[in-house]
Amino acid sequence: MRKKIVAGNWKMNKFLTEGIQLTVDILVELERNPPKHTVILCPPFIHLSELSKVLKECSFIKIGAQNCYYKDSGAFTGEVSVPMLASLGIDYVITGHSERRQLFFETDEIIAQKVKAILAHGLKPIFCCGEPLDVREKNEHLNYVSNQVQKSLFNLSQQEIKSVVIAYEPIWAIGTGVNASPEQAQEMHLFIRNLLKEKFGNESADLTTILYGGSVKSENAATLFSKPDVDGGLIGGASLQASEFMKIVRSLPN
């Protein structure tokens, strides 16, 4: 059975004290009734060390980084390597997010190198893919996402792909208040899973967690999560409020 996940991507939000308080609020609530699925918090880099201490004894909340560089060390001012993240006990790393692609010009080839580096050091990548609005309107979204998946993941081995989490995030739905319908999300998730089946076989594809991201709120989470190939969510703005995030976490069937 594949893992169900709700991950919160805080993006560039929250001072350190605010992040600690948000984490504590989430931890206290979840300790009352621990979920059977995995919850991941992905704060800015400055939070990672302190939050790893706060969550040291917690088995059901994992920590993820929002980015990494693919080199282990060197003269790369401003970057953070995967070994550095591993030294803090970080479990997951987001890569391929549309904001990294669009604002920081990360290519599929760069993302492929990041995925390999993350896996090489025993962490799990949360690989993001998704199409812009003009591609969706031209009905070219399946081909667009297929190219992203193939260029960044098809160089992996059958064993490596088992550690990858995929997040489908249509760009036109990120932070816009407009989310893909449950049917649109299911269509793409099934399409991605079938791509994996063709390349890596049925077992690997069936075990791969595929999350939906894009204006997920407590009001629409349960309907999205009810679809058979939607294994949870990568949550943006709604993850910044403990009460709202907890409603989304509780919307995912155990």
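Below you will find a few notes about this structure. Note that this is a predicted model, so its numbers are computed, not measured. (Residues numbered from 1 in each chain as written. Predicted model: local features only at pLDDT ≥ 70, side-chain atom pairs only at ≥ 80, totals over all residues. Heavy atoms only, no water.)

1. Some words on the side chain of T209
Let me state the cut-off plainly: Each helix is a run of H or I in the DSSP string that is no shorter than four residues. Each strand is a run of E no shorter than two, and both are numbered from the N terminus. Counting of polar contacts relies on pairs of N or O atoms within 3.5 Å, with two restrictions inside protein: one atom must be capable of donating a hydrogen and the other of accepting it, and residues adjacent in sequence are counted only when both atoms are side-chain atoms. By the convention used here, residues are in contact when the closest approach between their heavy atoms is within 4.5 Å.
Within the secondary structure, T209 is located in the loop between helix 9 (202-207) and strand 7 (210-212). Of the polar contacts made by the side chain of T209, one reaches the backbone oxygen of K3; its length is 2.6 Å. Apart from the residues lying within four places of it in its own chain, the contact partners of T209 are R2, K3, I5, V165, I166 and D231.

2. Examining unusual backbone geometry
The backbone of K14 sits at a positive phi, close to 80°, despite the residue not being glycine. Tracing the sequence through the fold places K14 in the loop between strand 1 (5-9) and helix 1 (16-32). Even without glycine at this site, F105 takes up a positive phi of about 60°. Within the secondary structure, F105 sits in the loop between helix 4 (98-103) and helix 5 (108-120).

3. Some details on the packing of helix 1 against helix 11 (residues 242-251)
To be explicit about the condition: Angular values range over 0 to 180 degrees, each being the angle between N-to-C directions of two axes fitted as lines to C-alpha atoms, with helices fitted over their stretch in contact. Each angle gets one of four labels, with under 35 degrees taken as roughly parallel, over 145 as roughly antiparallel, 65 to 115 as roughly perpendicular, and the rest as oblique. Two helices that cross are described as forming a left-handed crossing if the nearer one is turned anticlockwise from the farther one by less than a right angle, and a right-handed crossing if clockwise.
At their nearest, the axes of helix 1 and helix 11 sit 10 Å apart, and the two run at 40° to each other. One way to sum up the angle between helix 1 and helix 11 is to call them oblique. Handedness of the crossing formed by helix 1 with helix 11: right-handed. Touching L22, D25, I26, E29 and L30 of helix 1 are A242, F245, M246, V249 and R250, all from helix 11.

Purely spatial values, then, with no claim about function.
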